[in-house]
Amino acid sequence: MKLSLAFSPCPNDCFMFDAMVHGRIDTEGLEFSVTLADIEALNHAAFAGQPDVTKLSFHAYAYCAGMYVLLDAGSALGRNCGPLLISKRPIDREEVESGELGIVIPGKYTTANFLCGLAFPAARNKTEMLFSEIEPALIDGRFDAGVIIHENRFTYQTRGLRKIIDLGEFWESETGAPIPLGGIVIKRSLPDDVKRTMNRVMRRSVEYAFAHRADSLPYVRAHAQEMSEEVMYQHIDLYVNEYSVDLGSDGRRAVEVLFDRARRAGIVPAVQNDLFLRGA
């Protein structure tokens, strides 16, 4: 069976999916038509129900949980790995809380934007921008502050930018739970055996990546543009961990806490469907 598969070109995704898309593991008869896109583009494609299997932001999952169900494997959760709110000039949290700053975000439906809204409810003067363009926009003085994700957390200081707050640390201090950033979902309309097979293949691909780190390097490097190998592996080590192999009870609880906090804050609608793939 051939499935349409979408994920981002970021190092952590390329690392996890390499073995699957390049035939390094047993895919149990599954074949894939692969699309790579920025996370917010992936979120919108999921809203339209386009890919069979896709990476998306957990924030976005609330808006398409009727069409998709979350795999146990492939998620990006962890500690000390959240998005950062940064600026060029010194800005304290009180100034952000005033709601007067212009903030650039990597997409309305990113978990990064959700966390920013949770930490600073009054900060609503936001502009969406591709994540890789946020640092240059701050350097040019077009915005007061910006929320950065992915590898930018390793490079912002070298460009003269400074941290206002680590939104992941904020989340962890508020909840005690790891921060759920993104997950892999599959269409609910597909047969149950296909969903369970996809979960096994996803887990096998992540396990292979951990066991044969060098094998994925060409694929990761091909999509990493100007990123150094050191930054690529910092990125991978930050976002790919035990939760990427299997959410487990702690990971599932973290996702439930995120959805509960977001619903109570009025950021997302209530979700009626079971969030997780059962019997995987």
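Above: the structure in question.
Read on for an overview of the structure. (Residues numbered from 1 in each chain as written. Predicted model: local features only at pLDDT ≥ 70, side-chain atom pairs only at ≥ 80, totals over all residues. Heavy atoms only, no water.)

Considerations on the packing of helix H1 (residues 11-21) against helix H10 (residues 229-239)
Relative placement of two packed helices is described by the angle separating their axes and the distance separating the axes. Put simply, the rule reads: Axis definition: a line fitted to C-alpha atoms, limited for helices to the stretch in contact. Angles are taken between N-to-C directions and run from 0 to 180 degrees. Only DSSP runs of H or I reaching four residues or more are called helices, and only runs of E reaching two or more are called strands; each is numbered from the N terminus. The scheme is simple: roughly parallel for angles under 35 degrees, roughly antiparallel for over 145, roughly perpendicular for 65 to 115, oblique for anything else. The contact rule is simple, with two residues in contact once any of their heavy atoms fall within 4.5 Å. Under this grouping Gly is polar, as are all residues other than the nonpolar Ala, Val, Leu, Ile, Met, Phe, Trp, Tyr, Cys and Pro and the charged Asp, Glu, Lys and Arg.
As a packed pair, H1 and H10 sit with axes 8 Å apart at the nearest point and diverge in direction by 75 degrees. Considering the angle they form, H1 stands roughly perpendicular to H10. Every residue of H10 that contacts H1 at Pro 11, Asn 12 and Phe 15 is listed here: Met 232, His 235, Ile 236 and Tyr 239. Its residues assigned to classes, the contact of H1 with H10 comprises five nonpolar, two polar and no charged.

Digging into the pattern of salt bridges
Let me state the cut-off plainly: For salt bridges, the criterion is a side-chain nitrogen of Lys or Arg within 4 Å of an Asp or Glu carboxyl oxygen. Burial classes: relative accessible area under 20% of the type maximum marks a residue as buried, over 50% as exposed, and values in between as partly exposed (1.4 Å probe, protein chains only).
Applying the stated criterion to the full structure yields 21 salt bridges. Residue Arg 89 pairs with Asp 144 through a salt bridge whose shortest N-O separation is 3.9 Å. On the criterion of sequence distance, the pair formed by Arg 89 in the loop between strand E6 (84-87) and helix H4 (93-97) and Asp 144 in the loop between helix H6 (134-139) and strand E9 (145-148) is long-range, its members being 55 residues apart. For Asp 144, a relative accessible area of 26% translates into the label partly exposed. Note that Arg 263 and Asp 260 form a salt bridge whose closest N and O atoms lie 2.9 Å from each other. With Arg 263 and Asp 260 both in helix H12 (residues 248-264), this residue pair falls three residues apart, about one helical turn.

A word on unusual backbone geometry
Peptide bonds are trans in most cases, and residues, glycine excluded, mostly fall at negative phi. The residue Glu 28 is not glycine, and still its phi comes out positive at about 55 degrees. Tracing the backbone shows Glu 28 in the loop between H1 and strand E2 (31-36). By relative accessible area, Glu 28 is classed as partly exposed at 31%. At Asn 80, a position not held by glycine, the phi torsion is positive, near 60 degrees. Relative to the assigned elements, Asn 80 resides in the loop between strand E5 (76-78) and E6.

Here's the deal with the layout of surface pockets
Rolled over the atoms, a probe with the dimensions of a water molecule shows which regions are left empty. Put simply, the test is: Residues are called lining when one of their atoms sits within 4 Å of a cavity or pocket point, these points coming from a 1 Å grid over the protein atoms alone, where a cavity is a set in which a 1.4 Å probe fits but cannot get out and a pocket is an open set with protein on both sides within 12 Å along at least five of seven lines. Grid points are joined across faces, edges and corners, and a volume is the space filled by probe spheres set on the points.
The computed volume of the largest pocket comes to approximately 430 Å³. Every residue lining the largest pocket is counted, 19 residues in all, and those nearest its centre are Asn 113, Gly 117, Arg 124, Lys 126 and Ile 267. At the level of elements, helix H5 (111-119) and strand E8 (126-128) are the ones that each hand at least two residues to the lining of the largest pocket. In terms of residue count, the dominant contributor to the lining of the largest pocket is H5 (four residues). Considered class by class, the residues forming the lining of the largest pocket number 10 nonpolar, five polar and four charged. A volume near 380 Å³ is recorded for the second largest pocket. Here the lining of the second largest pocket is composed, by residue class, of 10 nonpolar, seven polar and three charged.

Overview of the sheet that holds strand E10 (residues 162-166)
For clarity, the threshold we go by: A pair of strands is considered paired only if DSSP assigns at least 2 bridges between the two.
Reading across from one edge, E8-E7-E9-E6-E10 is the order of the five strands in this open sheet, with mixed pairing throughout. Where the open sheet ends on each side, the last strands, each with one partner, are E8 and E10. If you compare each strand with its neighbour and ignore which way they point, the axes differ by 30 degrees on average. Relative to E9, E6 is paired through four bridges, and the arrangement is antiparallel. Paired with Ser 87 across the strands is Ala 145, a residue of E9. The sheet strands contacting H5 are strand E7 (103-105), E8 and E9, and the helix crosses E8 at an angle near 175 degrees.

Observations regarding the packing of aromatic side chains
Put simply, the rule is: Here a Phe, Tyr or Trp ring, Trp counted by its six-membered ring, pairs with any other such ring whose centre lies within 6.5 Å, and the pair is stacked when the planes are under 30 degrees apart, edge-to-face when over 60, and tilted otherwise.
As enumerated under the stated definition, the model contains seven aromatic pairs in all. When the centroid spacing of 5.9 Å and the interplanar angle of 70 degrees are considered together, the rings of Phe 15 and Phe 210 count as edge-to-face. Remark: Phe 210 occurs in helix H8 (residues 192-211) and Phe 15 occurs in helix H1; sequence separation between them is 195 residues. You can call Phe 15 buried: its relative accessible area is 1%. When its relative accessible area of 32% is taken as the criterion, Phe 210 is described as partly exposed. Summarising the aromatic geometry, the rings of Phe 47 and Tyr 63 are spaced 6.1 Å apart at their centres and angled 65 degrees between planes, so their arrangement reads as edge-to-face. Remark: Tyr 63 occurs in the loop between helix H3 (58-61) and strand E4 (68-70) and Phe 47 occurs in helix H2 (residues 39-47); sequence separation between them is 16 residues.

What about empty space enclosed by the protein?
What the rule picks out here adds up to one cavity of 30 Å³ or more. There is about 230 Å³ of room inside the largest cavity. Elements represented by at least two residues in the lining of the largest cavity include exactly strand E3 (53-57), H5, strand E11 (179-187) and H10. Of all the elements, E3 adds the most residues to the lining of the largest cavity, at three residues.

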